[in-house]
Amino acid sequence: QVQLVESGGGLVQAGGSLRLSCVASGDIFGINAMAWYRQAPGKQRELVAAIGGGNSVNYADSVKGRFTISRDNAKNTVYLQMNSVKPEDADVYYCNARDVLACSRGYHELWGQGTLVTVSS
């Protein structure tokens, strides 16, 4: 069974930095795309950043120039480097993986359990 496990969330001061990590565990052959989403209470989950199999990246306008997504395919891990964090970045951040090929089966889409980012002003 493949699972996504996020880490790195916590309290950060406005203007500071935080690095989120997400590891896909299991007998994985490959993952096409990975992404970070965030969701505030009562709001829709929104895309923060995505990275494709060819390392093409896409960012929400609100985080461009401040956040950087990267991946380590050998470790089945995706990272989100958050710099110049703003109070409005405070949310639960979710890891997403699409088109995951594992030993036992394929998965179209997987989600992590979420990691909370809190920003103090």
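We now turn to the structure provided with this report. (Residues numbered from 1 in each chain as written. Predicted model: local features only at pLDDT ≥ 70, side-chain atom pairs only at ≥ 80, totals over all residues. Heavy atoms only, no water.)

1. Quick word on the overall build of the protein
Line of reasoning, step 1. Across its full length, the protein carries zero helices and 11 strands.
Line of reasoning, step 2. The secondary structure elements of the protein, listed N-terminal to C-terminal, are β-β-β-β-β-β-β-β-β-β-β.
Line of reasoning, step 3. Against the globule reference of 14 Å for 121 residues, the protein gives a C-alpha radius of gyration of 14 Å, in line with a compact fold.
Line of reasoning, step 4. Taking the principal axes of its C-alpha atoms as reference, the protein extends roughly 45 × 25 × 25 Å.
Line of reasoning, step 5. Within the protein, the fraction of its 121 residues that count as buried is 43%.
Line of reasoning, step 6. Restricting the contact set of the protein to residue pairs at least 6 apart, pairs at least 24 apart contribute 57%.
Line of reasoning, step 7. Total accessible area computed for the protein in this model is approximately 6,300 Å², and 47% of it derives from carbon and sulfur atoms. (Helix = DSSP H or I, 4+ residues; strand = E, 2+ residues; numbered from the N terminus. Rg over C-alpha atoms; globule rule 2.2 N^0.38 Å. Buried < 20%, exposed > 50% of the residue type's maximum accessible area, 1.4 Å probe, protein only. Contact = heavy atoms within 4.5 Å. Areas by Shrake-Rupley, 256 points an atom, 1.4 Å probe, with all protein chains shown as cover.)

2. Focus: the packing of aromatic side chains
Line of reasoning, step 1. Going through the model one piece at a time under the given rule, you end up with one aromatic pair.
Line of reasoning, step 2. Residues Tyr 37 and Trp 111 carry aromatic rings whose centres are separated by 4.9 Å and whose planes lie at 65° to one another, so their mutual orientation is edge-to-face. In this pair, Tyr 37 sits in strand 4 (residues 28–39) while Trp 111 sits in strand 10 (residues 106–111), placing the two residues 74 residues apart along the sequence.
Line of reasoning, step 3. Taking the relative accessible area as the measure of exposure, Tyr 37 reaches 15% and is therefore buried.
Line of reasoning, step 4. The cationic tip of Arg 45 hangs over the ring face of Tyr 94; the distance from NZ or CZ to the ring centre is 3.7 Å. (Phe/Tyr/Trp six-rings, centres within 6.5 Å; stacked < 30°, edge-to-face > 60°. Lys NZ or Arg CZ within 6 Å of the ring centre and 35° of its normal.)

3. Description of the state of the cysteines
Line of reasoning, step 1. Summed over the entire model, instances satisfying the criterion amount to one disulfide.
Line of reasoning, step 2. Across the disulfide, Cys 22 is cross-linked to Cys 95 (sulfur-sulfur distance 2.1 Å). Residues Cys 22 and Cys 95 are joined by a disulfide whose S-S torsion is about -80°; by sign, that bridge is left-handed. Here Cys 95 lies in strand 9 (residues 91–102) and Cys 22 lies in strand 3 (residues 18–25), a separation of 73 residues in the sequence. (Disulfide = S-S within 2.5 Å.)

4. Details of the pattern of salt bridges
Line of reasoning, step 1. Counted according to the given criterion, the structure contains six salt bridges.
Line of reasoning, step 2. Its salt-bridge partner being Arg 38, residue Glu 46 comes within 2.8 Å of it at the nearest N-O pair.
Line of reasoning, step 3. In this structure Glu 46 comes out as partly exposed when scored by relative accessible area, which is 36%.
Line of reasoning, step 4. A salt bridge links Arg 98 to Glu 109; the shortest N-O distance between them is 3.1 Å. One end of the pair, Arg 98, is in strand 9; the other, Glu 109, is in strand 10, with 11 residues separating them in the sequence.
Line of reasoning, step 5. With a relative accessible area of 37%, Arg 98 lands in the partly exposed category.
Line of reasoning, step 6. Shared partners join several salt bridges into a network, and the residues in it are Arg 38, Glu 46, Arg 66, Asp 89 and Asp 91. (Salt bridge = Lys/Arg side-chain N within 4 Å of Asp/Glu carboxyl O.)

5. Re unusual backbone geometry
Line of reasoning, step 1. We note that Asn 55 has phi near 65°; this positive angle belongs to a residue other than glycine.
Line of reasoning, step 2. Assessed through its relative accessible area of 45%, Asn 55 is described here as partly exposed.
Line of reasoning, step 3. Of note, Asn 76 is a non-glycine position whose phi angle comes to about 50°, a positive value.
Line of reasoning, step 4. Position of Asn 76 relative to the elements: it lies in the loop between strand 7 (67–72) and strand 8 (77–82).

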